[in-house]
Amino acid sequence: MTGPILTVEDLRVRYGRVEAVRGVSFDAAAGELVTLVGANGAGKSSIINAVSGLVRPRGGRILFEGRDITRTPAHRLVRSGLVQVPEGRQILATLTVEENLRLGAPRRAGIGEVYGRFPVLAERRRSPAGTLSGGEQQMLAIGRALVARPRLILLDEPSMGLAPRIVDEVFGVIGEIRSSGTTVVLVEQNARRALRAADHGYILASGEIVHSGPAAELLGDDRVVQAYLGVE
Ligand code: ATP
């Protein structure tokens, strides 16, 4: 395939009177890790929820592998290779690890691969998911998305609420997913960390993209660092 795997054009999302996303455009090339960063309330979740079919856009167009998916519901997108890992993980605490993984793959196709990638999930396969640590629960949420063998994975704040060492592990896993050829769109408040992992970055403020470019350039841009990344 030529051209981007994901194209978002002039996306608009509203909740009643709140204009959460005001004409956002970005794209992701196949195999790239793209990040959308910005403060709390900037519109990051609204954008990826619109891409994954969980929120209906008020305007704009979303193309996945060249096909218009602007109004395609989430469950159909999962089958066509686009999967989201939601904010807050949303694993089912009383079900076992394996039962949670099965929810991501009706035909159980990729569960063995996920156990290969996350040995801790294989060890805990019969434990209720609610007994896992926060980091393990994030691995489970990512694993559940991977069992569907997506070509595009959307991650909403995967580092939220995790200890620094565990954040390193989660970013390690995200890097491996990208290295295996899966395109990643990562939404993060942890802007510096996300930009270090990314190929391209988009910085959002009040529902608009205010800076964009190769992630390394954004990290080296004083205006960006002062306004959005803060001191380390
Ligand atoms: P966060 O890191 O808090 O998730 P975000 O950058 O992902 O922030 P969004 O969650 O997309 O931002 O929110 C953008 C704006 O839309 C905010 O002003 C938020 O209060 C508002 N908003 C989000 N969801 C809803 C909703 N369901 N109803 C009303 N307003 C909403």
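Given the structure is predicted, the values throughout are model-derived calculations rather than measurements.

> Explain the pairing of strand S3 (residues 33–37) to me, and be specific about the residues and the numbers.
Most of S3 is tucked away, with five of its five residues classed as buried. Burial along S3 is two-sided: Leu33, Thr35 and Val37 facing one way and Val34 and Leu36 facing the other are all buried. In the sheet, S3 pairs with strand S8 (residues 183–188) via five bridges, with the strands oriented parallel. By the bridge assignment for S8, Thr35 is matched with Leu186. Sheet analysis places S3 next to strand S9 (residues 200–205), joined by four bridges and oriented parallel. The residue bridging Val34 from the neighbouring strand is His200, located in S9.

> How would you summarise the packing of helix H3 (residues 97–104) against helix H6 (residues 134–146) if you had to cite specific residues and measurements?
A pair of packed helices can be characterised by two numbers: the angle between their axes and the separation between those axes. In the contact formed by H3 and H6, the axes pass within 7 Å of each other and the chain directions differ by 35°. Note on packing geometry: the crossing formed by H3 with H6 is right-handed. Residue-level inspection shows Val97, Asn100, Leu101, Leu103 and Gly104 of H3 in contact with H6, the latter providing Leu140, Gly143 and Arg144. Of the residues belonging to the contact of H3 with H6, the class tally is four nonpolar, three polar and one charged.

> Tell me about the pattern of salt bridges, and please be specific about residues and values.
Taken as a whole, this structure holds 13 salt bridges when the rule is applied. A salt bridge links Glu19 to Arg22, with the shortest nitrogen-to-oxygen separation between them at 4.0 Å. Using a relative accessible area of 32% as the deciding quantity, one classes Glu19 as partly exposed. The class for Arg22 is partly exposed, based on a relative accessible area of 35%. Here Arg149 ties to Glu113 by a salt bridge, and the two come within 2.5 Å at their closest N and O atoms. Linking Arg149 in the loop between H6 and strand S7 (152–156) with Glu113 in helix H4 (residues 111–117), this pair joins segments that are 36 residues apart in sequence. Under the relative-accessibility criterion, Arg149 is labelled partly exposed at 44%.

> Could you give me a rundown of the side chain of His211, with the residues and numbers involved?
Mapping His211 onto the fold places it in strand S10 (residues 208–214). Judged by relative accessible area, His211 falls into the buried class, the value being 18%.

Conventions used here
- Residues numbered from 1 in each chain as written.
- Predicted model: local features only at pLDDT ≥ 70, side-chain atom pairs only at ≥ 80, totals over all residues.
- Heavy atoms only, no water.
- Buried < 20%, exposed > 50% of the residue type's maximum accessible area, 1.4 Å probe, protein only.
- Helix = DSSP H or I, 4+ residues; strand = E, 2+ residues; numbered from the N terminus.
- Pairing = 2+ DSSP bridges.
- Axes fitted to C-alpha atoms, helices over the stretch in contact; angles between N-to-C directions.
- Left-handed = near helix turned anticlockwise from the far one by under 90°.
- Contact = heavy atoms within 4.5 Å.
- Nonpolar A, V, L, I, M, F, W, Y, C, P; charged D, E, K, R; others polar.
- Salt bridge = Lys/Arg side-chain N within 4 Å of Asp/Glu carboxyl O.

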